[in-house]
Amino acid sequence: MYRTNTCGELTLKNLGQSVTLCGWLQRSRDLGGMTFIDLRDRYGVTQLVFNMDSRPDLCEQARKLGREYVLQVKGVVAERSSKNPKMPTGDIEILVDELSVLNAAKVPPFTIEDHSDGGDDLRMKYRYLDLRRNPVRRNLELRHRLAMLVRNYLSDLNFLEIETPCLIKSTPEGARDFVVPSRMNPGQFYALPQSPQQYKQLLMVGGMDRYFQLARCFRDEDLRADRQPEFTQIDCEMAFVEQEDVLQTFEGLMKHLLKEVKGVTYDAFPRITWNDAMKYYGSDKPDIRFGMRFVELDDVAKGKGFAVFDDAQLVVGICAEGCADYTRKQLDELTDFVKRPQIGAKGLVYIKCNADGTFKSSVDKFFTAEDLRAFAEKCQAKAGDLMLVLCGEAMKTRKQLSELRLEMGSRLGLRPSNVFAPLWVIDFPLLEWDEETQRYYAMHHPFTAPHPEDLPLLDQPERWGDIRANAYDIVLNGNEIGGGSIRIHNREVQNKMFHTLGFTDEQAQAQFGFLMGAFEYGAPPHAGLAFGFDRLCSILGEADSIRDFIAFPKNNAGRDMMAEAPSEISKEQLDELAIRLVPQEK
RNA sequence: GGUGCGGUAGUUCAGCUUGGUUAGAAUACAUGCCUGUCACGCAUGGGGUCGCGAGUUCGAGCCUCGUCCGCACCGCCA
């Protein structure tokens, strides 16, 4: 037996016991006559003590050991004469009488500490060392715990976890597919799933009723801090349900997770339509940890001779409480912030509500104190508040103001990572116009059912942009953590949908034929939802990047820095796959 | 495809504005001393292709251009 105990569990209760421990050498302190070693494993750290008086041989051996050596020690649990209240095992130490080095180790390239001296890329390259650190280990423990909670909760509700294939048919809609050549079918390719969408719908046709899967998904698109080329979804589908059933089921799941992991309980999650989300937050994933809702100011801003406002499609502002004392420098910073190319506003108008009841604004030339009072009333701004106003083309301006709202929320400390504000966004548009290709695309996917009230609009091409979808997103702290829809199970509606998207019957048949075919054999009404599991972990783990919640993540360019993948393959492999590489032009 | 920031001891960084003798600090590492440390302490020591290439210059870590790599963001992500 390698070990009788872990390094995290021995206390005064175990005094006098003979134990065997295994672990890594965290740190050693050689005091001359005696040497202390901190032995670390997944569960904690236990101090080993070696004394020159009692065992000079072992003591000599111990002082030669380096960091991250793998050790096995046998000894007796003893009370420390000077205790360390900072560690759970700080009252005891092990008087070692047998020491074996299970493995030596090179000096690691960074310190294996909670606050490592290693930079991000170095830690990625040596991810197996990074995993030894407490923060990373805790993140993976959280991920495991959430996965278990999800599985148990859904299983108790009769959901079956069913695996779907990873080698599937490529479809050009949506994200770019990762593609896998088929050796046995030269010149043909599988795609890796962007989601198990069609398979889970087929499971409904197959009578599975309630399905879920912690499913690995793949998208060949550029990465972000919260986006990886392969990621995990909690993928769910239910038959014989309406939107309300789906929302209730998965609101229940989210409440369960938040209660178990964060100890917080919630009433019904707020719901907001997509239209209102855009109108009041300028975003389809509003962060409602704080207010600062948009106020549309057209009626007080226009017609006063300020051409910038008069010519704008929309004038809209927010009120930042208590910010009237912002300095010139701070206001310039905010102006620069919205003028950055990524945001692209032309400028920023501010109106300070001074403590003495006067106003100071960047547009004093055009507006009287009375005019500005009207602004303040609309925004419900009090003395001491600061109004920030943008204008221009409506949707663009809303998105710009949304960025400013989030920035102000962050500056004012209104977005603490340990507060969780979930909500549903419902009634998304069904279709999205694409200027480049001059056609409509499904905002969600082509199987999303239109809102029942809007069904007639499918026959009126000029109204296609107004059709609402029977689709919903769940948003947490300004992040889309899940989304889904009622699916089309009616062949006729599906045909209309494909026509709307500009598919010919033949194209629809070629791409989705097996799903369409299945729908002719008694598809039940069904609906579903998928959560982004990595992102959910990172938010509940109170971190910004999902990379720390994935054991072996990819870097910015989609590379595995540790394994050095992707890599070239041999001529023989290429020949087998009937693939010839074209030299890349410089 | 685009924008911004960064690349200097094993590691994290300073040095660059204003080019000039031998490129520093902390930490890590090595050696020695030290019997209650726990970020142990003290002393000594080794450790550098300043990402790479070209240019400007008498002279480049520093200025210019290019290139590679990393990070964040925009586009993209049904």
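Keep in mind it's a predicted model, so treat the numbers as computed, not measured.

Peer 1: I'd like to hear about the sheet that holds strand β17 (residues 422-426), residue by residue, with values.
Peer 2: Strands pair in a sheet through their backbones, by hydrogen bonds, and they do so in one of two ways: parallel or antiparallel. Read from one edge of the open sheet, 8 strands run β6-β9-β10-β22-β21-β20-β17-β11, paired in mixed fashion. Across the chains shown, the open sheet's two edge strands, defined by having one partner strand only, are β6 (160-161) and β11 (271-273). Pairing of strand β20 (residues 471-476) with strand β21 (residues 479-486) involves 6 bridges; the strand directions are antiparallel. Residue pairing for β21: A471 is matched across the bridge by S485. On top of the sheet, helix α6 (residues 243-262) reaches β10 (230-239), β11, β17, β20, β21 and β22 (526-532); it is set at about 25° to β22, its chief contact.

Peer 1: Go over the domain arrangement of chain A with me, naming the residues and quoting the values.
Peer 2: Taken domain by domain, chain A holds domain 1 (12-103), domain 2 (137-272 + 422-571) and domain 3 (290-411). For domain 1 and domain 3, the distance between their C-alpha centres works out to 63 Å.

Peer 1: Which residues make up the protein's contact with RNA strand B, and what are the values?
Peer 2: The environment of RNA strand B is formed by 46 residues, the closest being D53, D117, A442, M443 and H444. Considering RNA strand B, the proportion of its atoms within 4 Å of the protein that are sugar or phosphate atoms stands at 49%. N51 places a polar side-chain atom, nitrogen or oxygen, 3.2 Å from a base nitrogen of RNA strand B. The separation between a phosphate oxygen of RNA strand B and a polar side-chain atom of N556 is 2.8 Å. For the surface near RNA strand B, the secondary structure elements donating two or more residues are β1 (18-30), β2 (34-41), β3 (44-51) and α2 (120-125). The element contributing the most residues to the surface near RNA strand B is β1, with 3 residues. Looking at the surface near RNA strand B residue by residue, the class counts come to 12 nonpolar, 17 polar and 17 charged.

Peer 1: Describe helix α5 (residues 197-205), and please don't skip the residues or the numbers.
Peer 2: For α5, every residue scored as buried is listed here: Q197, Q198, K200, Q201, L203 and M204. The elements touched by buried residues of α5 are β9 (210-218), β10, α14 (505-519) and β22. A positive phi of about 80° marks G207, the residue just after α5.

Peer 1: So what's going on with the nonpolar core? Which residues, and what values?
Peer 2: L154, I234, F250, M254, W424 and F531 are the most contacted members of the largest nonpolar core, which totals 72 residues. Of all the elements, α6 adds the most residues to this core, at 8 residues. With near-sequence residues (within four places) excluded, F531 lies in contact with T232, Q233, I234, F250, L253, M254, I474, I481 and G482. The next biggest cluster of nonpolar side chains, apart from the first, holds 24 residues, and it includes M292, Y326, F337 and A394.

Peer 1: Break down the pairing of strand β16 (residues 386-392) for me, with residues and values.
Peer 2: Counting buried positions along β16 yields 6 of 7 residues, so the element is predominantly enclosed. As judged from the 7 bridges shared by strand β13 (residues 314-320) and β16, these two strands associate in the antiparallel manner. In the strand pairing of β16, A320 is matched with L386. Pairing geometry for strand β14 (residues 349-353) and β16, over 4 bridges, is antiparallel. Note on β16: the bridge partner recorded for Y350 is L388.

Peer 1: Outline the packing of aromatic side chains, supporting the account with residue identities and numerical values.
Peer 2: Two numbers describe a pair of aromatic rings. These are the distance of the centres and the angle of the planes. Summed over all chains, the structure comprises 17 aromatic pairs. On the numbers, 6.2 Å between centres and 75° between planes, the contact of Y126 with Y128 is edge-to-face. With a relative accessible area of 24%, Y126 lands in the partly exposed category. Here the aromatic rings of F367 and F375 are separated by 5.4 Å at their centres, their planes lie at 80°, and the arrangement is edge-to-face. Here F367 falls in the buried class, since its relative accessible area comes to 5%. A residue is classified by how much of its surface remains accessible, and F375, at 1% relative accessible area, is buried. One aromatic cluster in this structure is built from F306, F309, F366, F367 and F375. In this arrangement the basic side chain of K255 is found over the ring face of F269, its NZ or CZ atom lying 5.7 Å from the centre. Geometry around Y441 places R439 over its ring, the cationic atom sitting 3.8 Å from the centre.

Cut-offs used in this document
Residues numbered from 1 in each chain as written. Chains lettered and ligands numbered in written order. Predicted model: local features only at pLDDT ≥ 70, side-chain atom pairs only at ≥ 80, totals over all residues. Heavy atoms only, no water. Pairing = 2+ DSSP bridges. Helix = DSSP H or I, 4+ residues; strand = E, 2+ residues; numbered from the N terminus. Contact = heavy atoms within 4.5 Å. Axes fitted to C-alpha atoms, helices over the stretch in contact; angles between N-to-C directions. Domains from an automatic or database assignment. Near = heavy atom within 4 Å. Polar contact = N/O pair within 3.5 Å; in protein donor to acceptor, adjacent residues only side chain to side chain. Nonpolar A, V, L, I, M, F, W, Y, C, P; charged D, E, K, R; others polar. Buried < 20%, exposed > 50% of the residue type's maximum accessible area, 1.4 Å probe, protein only. Core = buried A, V, L, I, M, F, W, Y, C linked by side-chain atoms within 4.5 Å. Phe/Tyr/Trp six-rings, centres within 6.5 Å; stacked < 30°, edge-to-face > 60°. Lys NZ or Arg CZ within 6 Å of the ring centre and 35° of its normal.

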